[in-house]
Amino acid sequence: MKHALENLENADFETLCETIKRTAFKITRVGQLVAQEASRRLNIPFGIIDLSLAPTPAIGDSVADILHAIGLEQTGAPGTTAALALLNDQVKKGGVMASSYVGGLSGAFIPVSEDQGMINAVEAGALSIEKLEAMTCVCSVGLDMIAIPGDTPASTISGIIADEAAIGMVNQKTTAVRIIPAFGKKVGDVIDFGGLLGHAPVMEVNKFDCSIFVNRKGRIPAPIHSFKN
């Protein structure tokens, strides 16, 4: 995807979006043909095609780098959420046209430790947890593979989870929180998970207290979405 966009720096949005859509179509079509052949050889039923853009720590395999190619100096710059929404929408449009078996989460994954471009953005000071939270409003997952200081209070972690759950509820989509308190580590330190889990700079967490909110007893009433029937 990044390679397809590298020469479009001066292109208009229509050209940019059409290029993403056409590229997603080609990738999805090839993926389906390969999967169907594997299904035939293994004599098992064919399943689904997941359109998700999922990075690894390898150089050149980064959702953040695709956002750079769209026109951002760093992921986290103003316009990041809009660029990510554009990317997801065009990938889905191209992928859905290419296959009748689309399923899964079908959007961009934005884990920090598993995406070298995201790591670079954190180290440059461009990307915060709050910006990542905003980005989850338009992608398929929540806060993913984020290292935080080991002395972060449990109430603060609970508040972060509550915020992400609220985003999922309001947007009627799946969200999750996979943040790792790195014991003995402070902001700016690096923790290495190894393999495909990569490594992550320890990110700063908002220090203001939310303990009274998260420690309230009882349940938050069912959202209005649940009354559709």
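Okay, so let's go over this structure. The shown structure was predicted, so the numbers you read here are calculated from the model rather than taken from an experiment.

**Notes on the overall build of the protein chain**
And then number 1: The helix and strand inventory of the protein chain stands at eight helices and six strands.
And then number 2: Starting at the N terminus and walking to the C terminus, you meet the elements of the protein chain as α-α-β-α-α-β-α-α-β-α-β-β-β-α.
And then number 3: Its C-alpha atoms give the protein chain a radius of gyration of 19 Å, near enough to 17 Å, the size a compact globule of 229 residues would have.
And then number 4: Its C-alpha atoms give the protein chain principal-axis dimensions of about 55 × 45 × 40 Å.

**Some remarks on the pattern of salt bridges**
And then number 1: For the coordinates displayed, the defined rule picks out ten salt bridges.
And then number 2: Between E6 and K2 there is a salt bridge, and its shortest N-O distance comes to 4.0 Å.
And then number 3: Judged by relative accessible area, E6 falls into the partly exposed class, the value being 43%.
And then number 4: For R178, the salt bridge is made with D144, and the minimal N-O distance between the two is 2.6 Å. Here R178, found in strand β4 (residues 177-182), pairs with D144, found in strand β3 (residues 143-149); they are 34 residues apart in sequence, far enough to count as distant.
And then number 5: R178 gets classed as partly exposed once you look at its relative accessible area, which sits at 38%.
And then number 6: Look at D144 and you get buried, because its relative accessible area is 10%.

**A few points about the packing of aromatic side chains**
And then number 1: Inspection of every chain in the model, using the stated rule, returns one aromatic pair.
And then number 2: When the centroid spacing of 4.9 Å and the interplanar angle of 80° are considered together, the rings of F46 and Y101 count as edge-to-face. Here F46 is found in the loop between α2 (13-42) and β1 (49-50), whereas its partner Y101 is found in the loop between α4 (80-98) and β2 (102-103), with 55 residues between them in sequence.

**Description of the pairing of β4**
And then number 1: Here six bridges tie β3 to β4, and the two strands are oriented parallel to one another. Bridging from a neighbouring strand, I146 pairs with I179 of β4.
And then number 2: For the crossover from β3 across helix α7 (residues 154-171) to β4, the handedness is right-handed.

**Focus on the packing of helix α3 (residues 63-70) against α4**
Each packed pair of helices is defined by two parameters, the angle between the axes and the distance between the axes.
And then number 1: Two elements in contact, α3 and α4, have axes separated by 10 Å at closest approach and are oriented at 100°. With respect to each other, α3 and α4 are oriented roughly perpendicular. Taken together, the residues of α4 that come into contact with α3 (itself represented by V63, I66, L67 and I70) are T80, A83, L84, L86 and L87.
And then number 2: Tallied by class, the residues present in the contact of α3 with α4 amount to eight nonpolar, one polar and no charged.

Each value, and the rule that gives it
- Residues numbered from 1 in each chain as written.
- Predicted model: local features only at pLDDT ≥ 70, side-chain atom pairs only at ≥ 80, totals over all residues.
- Heavy atoms only, no water.
- Helix = DSSP H or I, 4+ residues; strand = E, 2+ residues; numbered from the N terminus.
- Rg over C-alpha atoms; globule rule 2.2 N^0.38 Å.
- Salt bridge = Lys/Arg side-chain N within 4 Å of Asp/Glu carboxyl O.
- Buried < 20%, exposed > 50% of the residue type's maximum accessible area, 1.4 Å probe, protein only.
- Phe/Tyr/Trp six-rings, centres within 6.5 Å; stacked < 30°, edge-to-face > 60°.
- Pairing = 2+ DSSP bridges.
- Right-handed = clockwise from strand over helix to strand, strands pointing away.
- Axes fitted to C-alpha atoms, helices over the stretch in contact; angles between N-to-C directions.
- Parallel < 35°, antiparallel > 145°, perpendicular 65-115°, else oblique.
- Contact = heavy atoms within 4.5 Å.
- Nonpolar A, V, L, I, M, F, W, Y, C, P; charged D, E, K, R; others polar.

Honestly, that's just the spatial picture; any functional story needs more than this.
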